[in-house]
Amino acid sequence: MITISIYDDNDSLRETLAWVVESCDDFWLRGAYPNCMDVVESVKRDKPDVILMDIDMPGRTGIEAVRLIHQYLPKPPKIIMITVYEDTDSIFEALQAGAIGYLLKKTSKEKIIESIREIHQGGAVMTPSIALKVMTAFQQPKSNPYSLTEKETLVLKRLVEGDSYKLIAHHCQMSISTVQTHIVHIYQKLMVNSKGEAITKAFRDNLV
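Basis of the calculations
Residues numbered from 1 in each chain as written. Predicted model: local features only at pLDDT ≥ 70, side-chain atom pairs only at ≥ 80, totals over all residues. Heavy atoms only, no water. Helix = DSSP H or I, 4+ residues; strand = E, 2+ residues; numbered from the N terminus. Rg over C-alpha atoms; globule rule 2.2 N^0.38 Å. Buried < 20%, exposed > 50% of the residue type's maximum accessible area, 1.4 Å probe, protein only. Contact = heavy atoms within 4.5 Å. Areas by Shrake-Rupley, 256 points an atom, 1.4 Å probe, with all protein chains shown as cover. Expected span 1.5 Å × (residues − 1). Arc of directions from axis to C-beta. Polar contact = N/O pair within 3.5 Å; in protein donor to acceptor, adjacent residues only side chain to side chain. Axes fitted to C-alpha atoms, helices over the stretch in contact; angles between N-to-C directions. Parallel < 35°, antiparallel > 145°, perpendicular 65-115°, else oblique. Nonpolar A, V, L, I, M, F, W, Y, C, P; charged D, E, K, R; others polar. Pairing = 2+ DSSP bridges. Right-handed = clockwise from strand over helix to strand, strands pointing away.

(A) Structural context of the overall build of the protein chain. Tallying secondary structure elements over the protein chain gives 10 helices and six strands in all. For the protein chain, the C-alpha radius of gyration of 17 Å lies close to 17 Å, the compact-globule estimate for 208 residues. Within the protein chain, buried positions represent 51% of all 208 residues. Considering only residue pairs separated by 6 or more positions, the protein chain has 65% of its internal contacts joining residues 24 or more positions apart. With the model as given, the accessible surface of the protein chain reaches about 10,200 Å², and the carbon-plus-sulfur share is 51%.

(B) How the structure looks around helix α9 (residues 176-190). End to end, α9 covers 21 Å across 15 residues, agreeing with the expected 21 Å (1.5 Å per residue, within 8%). Along α9, the positions that sit buried rather than exposed are Val 179, His 182, Ile 183, Ile 186, Tyr 187 and Leu 190. One side of α9 carries all its buried residues, which in axial view fall inside an arc of 140°. Those residues of α9 that are buried are in contact with α7 (150-160), α8 (165-172) and α10 (195-204). Immediately downstream of α9, the backbone of Met 191 shows phi near 60°, a positive value.

(C) Geometry of the environment of Thr 178. Residue position: Thr 178 is located in helix α9. As a C-alpha pair, Thr 178 and Ala 32 span 146 residues in sequence and 38 Å in three-dimensional space. In terms of polar contacts, Thr 178 uses its side chain to reach the side chain of Ser 175, at 2.8 Å.

(D) Spatial organisation of helix α5 (residues 109-120). Along its 12 residues, α5 runs 17 Å from first to last C-alpha, staying within 8% of the 16 Å computed at 1.5 Å per residue. Following α5 by one or two positions, Gly 122 has its phi on the positive side, about 110°.

(E) Representation of the packing of helix α4 (residues 88-97) against α10 in the model. Two elements in contact, α4 and α10, have axes separated by 6 Å at closest approach and are oriented at 140°. In terms of orientation, α4 and α10 fall into the oblique class. Across the interface between the two elements, Phe 92, Glu 93, Leu 95 and Gln 96 from α4 touch Gly 196, Glu 197, Ile 199, Thr 200, Phe 203 and Arg 204 from α10. Of the residues assigned to the contact of α4 with α10, the class counts are four nonpolar, three polar and three charged.

(F) Inspection of the environment of Ala 32 at higher detail. By secondary structure assignment, the location of Ala 32 is in strand β2 (residues 27-33). Classification of Ala 32 by relative accessible area gives partly exposed; the value is 34%. As a C-alpha pair, Ala 32 and Pro 48 span 16 residues in sequence and 11 Å in three-dimensional space. Once residues lying within four places of it in the same chain are set aside, the contact partners of Ala 32 are Ile 6 and Arg 14.

(G) The sheet that holds strand β1 (residues 2-7), seen in detail. Across the sheet, six strands lie side by side as β2-β1-β3-β4-β5-β6; this open sheet has parallel pairing. Edge positions in the sheet fall to β2 and β6 (125-126), since each of these pairs with one other strand and no more. Sheet topology places strand β3 (residues 50-53) next to strand β4 (residues 78-83); four bridges connect them, and they run parallel. What sits directly across from Met 53, in β4, is Met 81. In this fold helix α2 (residues 39-46) packs onto β1, β2 and β3, with an angle of close to 155° to the strand it touches most, β2.

(H) View of the pairing of strand β5 (residues 101-104). Burial along β5 is two-sided: the residues Gly 101 and Leu 103 and Tyr 102 and Leu 104 are all buried. As for the winding sense of the linkage, the β-α-β connection from β4 through α4 to β5 is right-handed. Across two bridges, the pairing between β5 and β6 is parallel. Opposite Tyr 102, over in β6, you have Met 126 as the bridge partner. Handedness of the crossover joining β5 and β6 through α5 is recorded here as left-handed.

This is the structure:
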């Protein structure tokens with residue numbers, strides 16, 4: 001079972017997302033909240049594997065909540081932002097905070113279900129229009145200020161594209177343990193602590 005919590009102040013959308021989650025036999029809805037004022041406490045209590053998080057909520061934004069979750073929980077759940085915001089700043093800020101998924105609220109039920117399963121398996125997910133904005137950042141000349149090796153750059157590229165460790169191993173023709181070792185070295189060289197931070201730095205510094 002994949003345990004899931006939802007944070008969204010729109011009652012109708014929150015109920016719709018809850019219905020989507022409860023329609024799947026392999027999903028278990030642990031909580032659905034209209035704000036994230038007590039997000040650390042509720043996440044500790046519910047222990048979700050995946051969180052669906054709105055950005056614009058009263059009292060505390062979803063991005064602030066993501067930061068708190070990563071600050072106070074040693075093993076934070078995987079977080080998918082579900083929002084109306086398509087601007088680059090919001091995308092990068094959410095990824096920097098620790099989110100590893102970014103979907104628009106108009107995303108179909110089927111895509112939301114697919115995204116939850118994909119992110120639970122170690123991937124990263126984005127609405128196509130968001131992915132297009134992200135890929136635009138790759139049009140500038142690439143630089144390598146962090147001395148990444150060719151293999152590390154290749155692994156980072158697959159990580160940015162949302163591949164799970166298993167898929168990275170397949171595409172790069174290496175073992176999963178080797179992938180994990182490369183990712184440790186990537187985190188050390190980029191001076192980051194999470195996949196979201198690594199992806200954000202890759203975008204901003206045109207590393208892949």
